[in-house]
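Coordinate inspection notes
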Amino acid sequence: MAAACPARYLNGLMSVALKNELRAIVGEQGVLEGAAVRERAATLWHGRVDAELLVRPRSTEQVSAVLRACHARGQPVVTHGGLTGLVNGADADADDIVLSLESMNAIERIDVSGRTLRAQAGAKLGQVQRAAEENGMVFPLDLGARDSATVGGNISTNAGGLRVLRYGMMRNLVLGIEAVLADGTVLTSLNRMLKNNAGYDLKQLFIGSEGTLGVVTRAELRLVSRTRSQETMLASLPTFDALAELLGRLDSGHEALRPRYRATVAPTDTYVSQHPRNPQPQRGPSMFSGMWPNSPAPFRAPRTSWP
Ligand SMILES: Cc1cc2nc3c(=O)[nH]c(=O)nc-3n(C[C@H](O)[C@H](O)[C@H](O)COP(=O)(O)OP(=O)(O)OC[C@H]3O[C@@H](n4cnc5c(N)ncnc54)[C@H](O)[C@@H]3O)c2cc1C
């Protein structure tokens, strides 16, 4: 969140005093410096990390103290989650400090009857999904980077993912957050209620803001019930309009029939010809595949890829 700090540090050089202060806050194990930071960057999905220093706080109090120290010196800070973001929001210049949430990765509590889960921001999405499943519930956000992307990153990018049309984006799945502002102020709003109209809904500002307003440290997430079964369907539709009509019909049906659908535009040949029961490619400008509970759905696709 380089933009949250008021001024670049003088001459791009980081003072020894600041480094020592940060070491005192997070401990020797919580700091990486020089080549150790850049070597790490080489293993990342993509992006550029040229920073000289990386700090790994283990608590909200440590995040607050790190940001307060940096703010006092006008030191820019870039927040890192799992580094799977696709818009380079986590890129860090040589005179930035990286604040990584990787040591704050605990699932703090699960409330099955209240259908909520509280996680630290560095917890991986896959970790949250598994914790929910172990308790007979589902955390609906799902995306290919699930075992790298973090809760804090999902919030800061307002991630959507494979089930977005049914369950919504991260914005629809976060009930409350705790965040630390650039000057170290801690905002705690770990609300667990679905409806809460008491005061401003400040969490919505943080969701999707790519770390520019502060560092998310913990979140209260919404869980849903597991569906009893699911099926996969692949249908090829002649036009985009047909796709929209299909989704509309499914959406207006019984709740249980609503698919966790994903629409993909692709040369149909590529996909359909890979299916063992249908080696012959079928042509069509768009493709639709969906998953939904097993049921005698009153649905007939305008044209399916195989009978
Ligand atoms: C294979 C793959 C599949 C993907 N699929 C989808 C998809 O289907 N749908 C979709 O919407 N996105 C998708 N994405 C992108 C998605 O936005 C990211 O995967 C994820 O949400 C980012 O999480 P992260 O922890 O990796 O964040 P990072 O990449 O580390 O950071 C992303 C941004 O958030 C900020 N940030 C990170 N943590 C915090 C924090 N705790 N507090 C404040 N700011 C923070 C960073 O500074 C940066 O600006 C995909 C990415 C990959 C690589």
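In what follows, the accompanying structure is described.

**Focus: the site of the ligand**
Around the ligand, the structure places 33 residues, and the nearest of them are Gly81, Gly89, Gly152, Gly153 and Gly211. Where the shell around the ligand is concerned, the elements lending two or more residues are β3 (77-80), α5 (151-157) and β10 (215-222). In terms of residues, the shell around the ligand owes the most to one element, α5, which gives 5 residues. The residue inventory of the shell around the ligand, partitioned by class, reads 14 nonpolar, 18 polar and 1 charged.

**Some words on helix α4 (residues 125-134)**
When we look at burial in α4, the residues that qualify are Leu125, Val128 and Ala132. Buried residues in α4, looked at end-on, bunch into an arc of 60°, giving them a common side. Residues of α4 that are buried sit in contact with β5 (107-111), β6 (116-120), β7 (137-138), α5 and β10. Once α4 ends, the next one or two residues include Gly136, with phi positive near 75°.

**Considering the sheet that holds β5**
Pairing is antiparallel across the open sheet formed by 5 strands, whose spatial order is β5-β6-β10-β8-β9. Looking at strand neighbours, the two that pair on one side only are β5 and β9 (186-189), the edges of this open sheet. Between one strand axis and the next, the sheet turns by 10° as a mean value, whatever way the strands run. The pairing of strand β8 (residues 174-180) with β9 spans 4 bridges and is antiparallel. Bridge pairing links Val180 to Val186 in β9.

**Observations regarding the environment of Ala24**
Mapped onto the secondary structure, Ala24 falls in helix α1 (residues 16-26). Ala24 sits in the exposed class, given 11 other C-beta atoms within 10 Å. Considered as a pair, Ala24 and Val66 are 42 residues apart in the sequence and their alpha carbons are 9.8 Å apart.

Quick notes on the rules
- Residues numbered from 1 in each chain as written.
- Predicted model: local features only at pLDDT ≥ 70, side-chain atom pairs only at ≥ 80, totals over all residues.
- Near = placed C-beta within 6 Å.
- Helix = DSSP H or I, 4+ residues; strand = E, 2+ residues; numbered from the N terminus.
- Nonpolar A, V, L, I, M, F, W, Y, C, P; charged D, E, K, R; others polar.
- Buried ≥ 20, exposed ≤ 12 C-beta atoms within 10 Å, placed from the backbone.
- Arc of directions from axis to C-beta.
- Contact = placed C-beta atoms within 7 Å.
- Pairing = 2+ DSSP bridges.
- Axes fitted to C-alpha atoms, helices over the stretch in contact; angles between N-to-C directions.

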